[in-house]
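# Coordinates in review
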Amino acid sequence: MAFRRREVFFFFTIFLWFWTAANGLLSPKGVNYEVQALMGIKASLHDPHGVLDNWDGDAVDPCSWTMVTCSPESLVIGLGTPSQNLSGTLSPSIGHLTNLQIVLLQNNNITGPIPGELGKLSNLHTLDLSNNFFVGEIPSSLGHLMSLQYMRLNNNSLSGAFPMSLANMTQLIFLDLSFNNLSGPLPRFPAKTFNIVGNPLICPTGSEPECFGTTLMPMSMNLNSTQNRHHEEVSLGNLRRFQFRELQAATNHFSNKNILGKGGFGNVYKGILHDGTVVAVKRLKDGNAVGGDIQFQTEVEMISLAVHRNLLRLYGFCITPTERLLVYPYMSNGSVASRLKGKPVLDWGTRKRIALGAARGLLYLHEQCDPKIIHRDVKAANILLDDYCEAVVGDFGLAKLLDHQDSHVTTAVRGTVGHIAPEYLSTGQSSEKTDVFGFGILLLELITGQRALEFGKAANQKGAMLDWVKKIHQEKKLEMLVDKDLKGNYDRIELEEMVQVALLCTQFLPSQRPKMSEVVRMLEGDGLAERWEASQRAEATKSKPHEFSSSDRYSDLTDDSSLLVQAMELSGPR
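Right, let's walk through the structure included here. Model, not experiment: these values are computed from the prediction.

Further remarks concern the packing of helix α8 (residues 432-448) against helix α11 (residues 492-505). Packed helices, taken two at a time, are described by their axes: the angle between them and the distance between them. In contact at an axis separation of 7 Å, α8 and α11 are set at 150 degrees when each is read in the N-to-C sense. By the angle between their directions, the pair α8 and α11 is classed as roughly antiparallel. The handedness of the crossing between α8 and α11 comes out as left-handed. Residue-level inspection shows V436, F437, F439, G440, L443, L444 and I447 of α8 in contact with α11, the latter providing L495, M498, V499, V501, A502 and C505.

This structure, assessed with the given rule, holds one disulfide. Across the disulfide, C63 is cross-linked to C70 (sulfur-sulfur distance 2.2 Å). Its torsion about the S-S bond being -95 degrees, the disulfide of C63 and C70 is classed as left-handed. With relative accessibility at 10%, the residue C63 sits in the buried group.

Here we come to the pattern of salt bridges. In total, this model carries 11 salt bridges according to the counting rule given. For D128, the salt bridge is made with R152, and the minimal N-O distance between the two is 3.7 Å. Taken together, the residues span a long stretch of sequence, with D128 in strand β7 (residues 126-128) and R152 in strand β9 (residues 150-152) at a distance of 24 residues. For R283, the salt bridge is made with E323, and the minimal N-O distance between the two is 2.7 Å. Note that R283 is positioned in strand β18 (residues 278-284) and E323 in the loop between β19 (316-319) and β20 (324-329), a separation of 40 residues in sequence. Using a relative accessible area of 25% as the deciding quantity, one classes R283 as partly exposed.

Going through the model one piece at a time under the given rule, you end up with four aromatic pairs. With a centroid separation of 5.4 Å and 25 degrees between ring planes, the pair formed by W55 and W65 is classed as stacked. You can see W55 sitting in the loop between β1 (45-46) and β2 (68-70) and its partner W65 sitting in the loop between β1 and β2, a full 10 residues away along the chain. This pair shows no difference in class: W55 is buried, exactly as W65 is. Taken together, the ring pairs connect F244, F254 and Y269 into an aromatic cluster. Here the basic side chain of R283 rests over the ring of F254, its NZ or CZ set 4.1 Å away from the ring centre. Seen from the ring of Y490, R492 lies directly overhead, with NZ or CZ sitting 4.1 Å from the centre.

Procedures and definitions
- Residues numbered from 1 in each chain as written.
- Predicted model: local features only at pLDDT ≥ 70, side-chain atom pairs only at ≥ 80, totals over all residues.
- Heavy atoms only, no water.
- Axes fitted to C-alpha atoms, helices over the stretch in contact; angles between N-to-C directions.
- Helix = DSSP H or I, 4+ residues; strand = E, 2+ residues; numbered from the N terminus.
- Parallel < 35°, antiparallel > 145°, perpendicular 65-115°, else oblique.
- Left-handed = near helix turned anticlockwise from the far one by under 90°.
- Contact = heavy atoms within 4.5 Å.
- Disulfide = S-S within 2.5 Å.
- Buried < 20%, exposed > 50% of the residue type's maximum accessible area, 1.4 Å probe, protein only.
- Salt bridge = Lys/Arg side-chain N within 4 Å of Asp/Glu carboxyl O.
- Phe/Tyr/Trp six-rings, centres within 6.5 Å; stacked < 30°, edge-to-face > 60°.
- Lys NZ or Arg CZ within 6 Å of the ring centre and 35° of its normal.

The quantities given are spatial measurements derived from coordinates; they are silent on function.
Laid out in structure tokens, this is it:
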């Protein structure tokens, strides 16, 4: 019998080897080509912040690595490490990642030549190497990238003649080669939007008409129905444009039985496409209204650029003169808010993993996405869970794209009562620290299993809910906070640490809150003790007479009038 088991195992191993080899992933020695290629990239880069630390040459596949995005078939389709202070060079081994669709390495200090091997990436549709120190000529092999739609090589030190092969890139929508030292003559650009100013040998004054075309808005296309009355096909990256009747059929004519959630901008429906794919369809309330149109275009542009395993990706969209719809993957485990109320109970380890996944998604939006994105409505209802209960940050409808120069943006207050940072509620000014506050409340929701205002109310607290949490923490009675459904099955030390991170994230002054990169590190067990000690010292020194207590400060978030409207959404889709 033992021999039989060994025989079955042997044949299974041989089958697995042949299957992976047939799919082009294993070398004759059984090494994953994509792992090998990524390790080559890592070896040629200097990584001061250790963002590539979990890239492991002994791994079977790289799909759990930071900054790497995989397809459902576990093929590497995205590589994104922008704004990480990476230096060194870009290895030619990137050419072996033949399934790559997106490469985002902008805002680093990478030098050396642009590898000609990039021209082998036939599936590539987005390439951003801007704001680095790349030198030498633009490889003529880039002209082979027939799927490329978006390319930024601006603000480098590139020189030499313009590759005439760039004229072959018929799918190119956006091209920015500005602020290099390139020389002419110029090919006829297929890109609808291009910019080559700042190349003194071609554009000495910068006002020459051949130096730019249309207004520079990366990946921004006018999707207004009046511009598309001839039903021309519009797509961004790999987004699919759906026909309205297709989504109508998928959702059984938008049946109430298929509603997954309701929000300020419309309903979300479960749908089944004709090929059997299960999707979530967000139907915006008034497709003709300005708000709906802005909402639609904002989401399409942002989500198409933001690619990360902890962010909800967009499958496609539909636009008609009266309808705006967005199509997402269906998240089988719903939202964190719904799962905290459901059965079976989310165990402590899963809650901790959800916190870390959501933090990584927000970190990408704030510090690794260009331009950065502020969510503005971080809460349990907007953190979705996939088949494996991995956290996926959803609902970018309230997010605001920021240029690097903007430290904040002032708008009408949007969000949900109980999750809004005090400075945003009182002034309308939001920053990434507004999201950090919302994340701190999310941590408390994960700990307690209740909505933010519910657990303040359940404890019969008249003052500020956060003051109450702080008091319980000081009195070392954290078991009062924990979701009773866990029945004591949690790690006491991890609970203490998560409460500390939550309190750091919800400090009154935005400047005192950590950045999401610090939050991720603290949740991973690095630097929390020092940060907490420093905050306690600061707390001790600032306690002066006549200063507002934090109860006074937070009273507008948690007084009785707030509790009466705790279910009210100030705006935004769910």
